[in-house]
2 protein chains.
Amino acid sequence: MTISEVSEKYGLPADTLRYYEKVGLIPPVTRKESGVRDYTPEDCGWVEFIKCMRGAGLSIETLTRYVALYRKGNRTLKQRKQLLIDEREHLQERMKQMQQVLKRLNYKIDMYEKEIVACEKKLLG
Amino acid sequence: MTISEVSEKYGLPADTLRYYEKVGLIPPVTRKESGVRDYTPEDCGWVEFIKCMRGAGLSIETLTRYVALYRKGNRTLKQRKQLLIDEREHLQERMKQMQQVLKRLNYKIDMYEKEIVACEKKLLG
DNA sequence: ATATTACCTGGAGTTAACTCTAAGTCAAGC
DNA sequence: GCTTGACTTAGAGTTAACTCCAGGTAATAT
């Protein structure tokens, strides 16, 4: 697959795909002899994984660390697992905070509804 | 309360508190005659609210719009409510995505555990 | 053969959200 | 009366994560 096809498929600009590769967020992409990128299904898998993780807020710095470990092979299994455990922890904390904010927004929206009704009553009365 | 007390209380740097006020993220803070900030409980309430909303990922741009509407008075009740409804929607989308990533992380961590066990068995056998 | 189009690289520019600096003011302690 | 320390401002600098640009190459259409 060409870079523009991958861009289309995952909704990421080609510039971003090149950037991700440059900083080591995905392993080096397969190339044609001419030097043009030719994404294999595995390359695509990395793109999908990284897009997903970035979408949940994992930092580029963290994800490049993960990819670097992956590229070192089997002896980094434990470190990779630990990295994912740490990130899961952060994720859960953020979700917990967001849950509280959600409740607060619900409450505020409710208050606004009541206040709007009260205001309209006053204007009619 | 002085700016350093508020900074301490909410864990936000004094510079950040000034910045928030400068960009309209919180309404202008009460001042002493000398021009020094002297946060009232209401000023503190805004700091707490903004800290909370920022923590959940609401943008400064969005929150300044909210504060600007608030400062226009009662006739912006409906717009404020709508803004909060929109933000709640975004928040829920992000939470949903994070929920999926959480599941994926759980799965991967599990796979790593199995793979580590398998590796260790091989080394012992 | 030439023109177009999609790709390449290195590096500069952008945006959001701070964070820091310099130069100045003001109240309190010695 | 002078120094110290916490405050003030405007504006410059930083960081993460892109995003764009200039100049060049390679394959394709005419």
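Residues numbered from 1 in each chain as written. Chains lettered and ligands numbered in written order. Predicted model: local features only at pLDDT ≥ 70, side-chain atom pairs only at ≥ 80, totals over all residues. Heavy atoms only, no water.

## What about the packing of helix α3 (residues 41-55) of chain A against helix α4 (residues 60-71) of chain A?
All names here are of chain A. Their axes nearest at 11 Å, the elements α3 and α4 cross at an angle of 145°. Seen along the crossing, α3 lies across α4 with a hand that is right-handed. Residues Glu42, Trp46, Phe49, Ile50, Met53 and Arg54 of α3 lie in contact with α4, whose contacting residues are Ile60, Leu63, Tyr66, Val67 and Tyr70. Its residues assigned to classes, the contact of α3 with α4 comprises 9 nonpolar, no polar and 2 charged. (Axes fitted to C-alpha atoms, helices over the stretch in contact; angles between N-to-C directions. Helix = DSSP H or I, 4+ residues; strand = E, 2+ residues; numbered from the N terminus. Left-handed = near helix turned anticlockwise from the far one by under 90°. Contact = heavy atoms within 4.5 Å. Nonpolar A, V, L, I, M, F, W, Y, C, P; charged D, E, K, R; others polar.)

## Concerning the interface of chain A and chain B
Between chain A and chain B, the contact holds 36 residues from the first and 36 residues from the second. Both faces considered, chain A and chain B share a buried interface measuring about 3800 Å² in area, 72% of it formed by carbon and sulfur atoms. The interface formed by chain A and chain B contains 6 salt bridges. Among the salt bridges present, the one from Lys78 of chain A reaches Glu120 of chain B, with a minimum N-O distance of 3.1 Å. At the boundary of chain A and chain B, one finds 12 residue pairs in polar contact (both at pLDDT 80 or more). Elements that contribute at least two residues to the side of chain A that touches chain B include exactly α3 and α5 (77-124) of chain A. The dominant element in the side of chain A that touches chain B, judged by the number of residues it contributes, is α5 of chain A, at 28 residues. Among the residues forming the side of chain A that touches chain B, the class breakdown is 18 nonpolar, 6 polar and 12 charged. (Buried area = accessible area lost by both parts, 1.4 Å probe. Salt bridge = Lys/Arg side-chain N within 4 Å of Asp/Glu carboxyl O. Polar contact = N/O pair within 3.5 Å; in protein donor to acceptor, adjacent residues only side chain to side chain.)

## Considering the protein's contact with DNA strand C
In the vicinity of DNA strand C, 16 residues are found, and the nearest of them are Ser4, Arg18 and Arg37 of chain A together with Asp15 and Arg54 of chain B. A share of 77% of the atoms of DNA strand C within 4 Å of the protein falls on sugar and phosphate groups. Take Arg18 of chain A: an N or O atom from its side chain is 2.9 Å from a phosphate oxygen of DNA strand C. Here a phosphate oxygen of DNA strand C and a side-chain polar atom of Arg54 of chain B are 3.0 Å apart. If you list the elements that add at least two residues to the surface near DNA strand C, you get α1 (3-10) and α2 (14-22) of chain A together with α2 (14-22) of chain B. Looking at the surface near DNA strand C element by element, the count peaks at 4 residues for α2 of chain B. Looking at side-chain class alone, the surface near DNA strand C contains 5 nonpolar, 5 polar and 6 charged residues. (Near = heavy atom within 4 Å.)

## With respect to the pattern of salt bridges
Inspection of every chain in the model, using the stated rule, returns 16 salt bridges over all chains. For the salt bridge of Glu113 of chain B with Lys81 of chain A, the shortest nitrogen-to-oxygen distance reads 2.3 Å. Note that Glu113 of chain B is positioned in helix α5 (residues 77-124) and Lys81 of chain A in helix α5, a pairing that runs across two chains. Notably, a salt bridge pairs Lys114 of chain A with Asp110 of chain A, separated by 3.7 Å at the nearest N-O pair. Linking Lys114 of chain A with Asp110 of chain A, this pair stays in helix α5, spanning 4 residues, or about one helical turn. Taking relative accessible area as the criterion, Asp110 of chain A reaches 42% and is therefore assigned partly exposed. Among the charged side chains, a salt-bridge network with shared partners connects Glu21, Arg31 and Arg37 of chain A. (Buried < 20%, exposed > 50% of the residue type's maximum accessible area, 1.4 Å probe, protein only.)

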